[in-house]
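Each chain, letter by letter, is given below.
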Amino acid sequence: MIETLMKEIKDTYNIVFKDISLLEQAFTHSSYVNEHRHLELTDNERLEFLGDAVLELIISEYLYHHFQDLPEGKLTKLRATIVREDSLAMFAKECKFDTYVRLGKGEENSNGRTRSSLLCDLFEAFLGALFIDQGSKAANDFIYQVIIPKIESGAFSHEMDHKTALQEVLQKNGDILIEYRLVKEEGPAHERIFHVEVNAGGTLLGVGSGKSKKVAEQKAAEVALADLKKKNQC
């Protein structure tokens, strides 16, 4: 199991653990430890504790720098949405971590492998193990691969949906045509960068770039909102 897991995270995230025992611990549930006491294993609960703190810091720093127009209350609400149980369980599944976690027979038979709370803890335990093994940069890089793209596409809350926010600002005094136009694509097929501009009433309001048209449109709307705010128009 561990060899397959190591190959999975190397191929997908370019992560190679120096201390394999940390990786094994991250994927060992307490139910497995209880059923294999003779092996003197350690479960992933302490790593989960650390990973939770690492995750919250990385996400907090990202939100602080990238959403400067949001007040503290909305930043807190947004962070809570991103790091909540069902969100982290989803990330664990997308990373295929549910395939590799070691469970006791009872936990396995009760569908523990699909339980959100267990998968959430597993994701945090992996992050904690990665932080110990390779430091904050590796943990940061992993989060930027797995979670940040979802944040940038506005997947978590209305506070991040810049397109909706821009529409509300521009149409508060009546309907106005808002258009997003792809102006350029560049880079190889697997690392394509899209450049989009947003126009309203024939006026260019902002330009944004991203790894998908959807992300680029959100960026363009974010730029437009920031510019309107500077001009005290929103």
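From a predicted model like this one, the values you see are computed outputs, not experimental measurements.

Draft legend 1. Fine view of the sheet that holds strand β1 (residues 178–186). Ordered in space as β1-β2-β3, the three strands form an open sheet in which the pairing is antiparallel. Bordering the open sheet on either side are β1 and β3 (203–210), each of which pairs with just one other strand. Ignoring which end each strand starts from, the neighbouring axes of this sheet average 20 degrees apart. Sheet topology note: the strand β2 (residues 193–200)/β3 ladder contains seven bridges and is antiparallel.

Draft legend 2. The arrangement of the UniProt feature "active site" (unreviewed entry) in the protein in detail. Per the UniProt entry, the sites bearing "active site" (unreviewed entry) are D52 and E124 in this numbering. Spanning 73 residues, the annotated positions come together in the fold, the maximum distance between their C-alpha atoms being 5.5 Å. Relative to the helices and strands, D52 is located in helix α4 (residues 45–66). Among the residues examined, D52 registers a relative accessible area of 35% and is labelled partly exposed. Take E124: it is sitting in helix α8 (residues 116–134). A relative accessible area of 5% places E124 in the buried class. The contacts of E124, once residues within four sequence positions are left out, are L47, E48, G51, D52 and L88.

Draft legend 3. Region of interest: the pairing of β2. When you tally the buried positions in β2, you get seven out of eight residues, the bulk of the element. Sheet topology places β1 next to β2; eight bridges connect them, and they run antiparallel. Bridge pairing links K184 to H195 in β2. Counted between consecutive antiparallel strands, the loop separating β1 from β2 contains six residues, among which G187 sits at a positive phi close to 95 degrees. Turn length for the β2-β3 hairpin, with the two strands adjacent in sequence and antiparallel, is two residues, and the turn residue G201 shows positive phi of about 60 degrees.

The rules we used
- Residues numbered from 1 in each chain as written.
- Predicted model: local features only at pLDDT ≥ 70, side-chain atom pairs only at ≥ 80, totals over all residues.
- Heavy atoms only, no water.
- Pairing = 2+ DSSP bridges.
- Helix = DSSP H or I, 4+ residues; strand = E, 2+ residues; numbered from the N terminus.
- Axes fitted to C-alpha atoms, helices over the stretch in contact; angles between N-to-C directions.
- UniProt positions renumbered as here; feature names shortened; annotations may be inferred.
- Buried < 20%, exposed > 50% of the residue type's maximum accessible area, 1.4 Å probe, protein only.
- Contact = heavy atoms within 4.5 Å.

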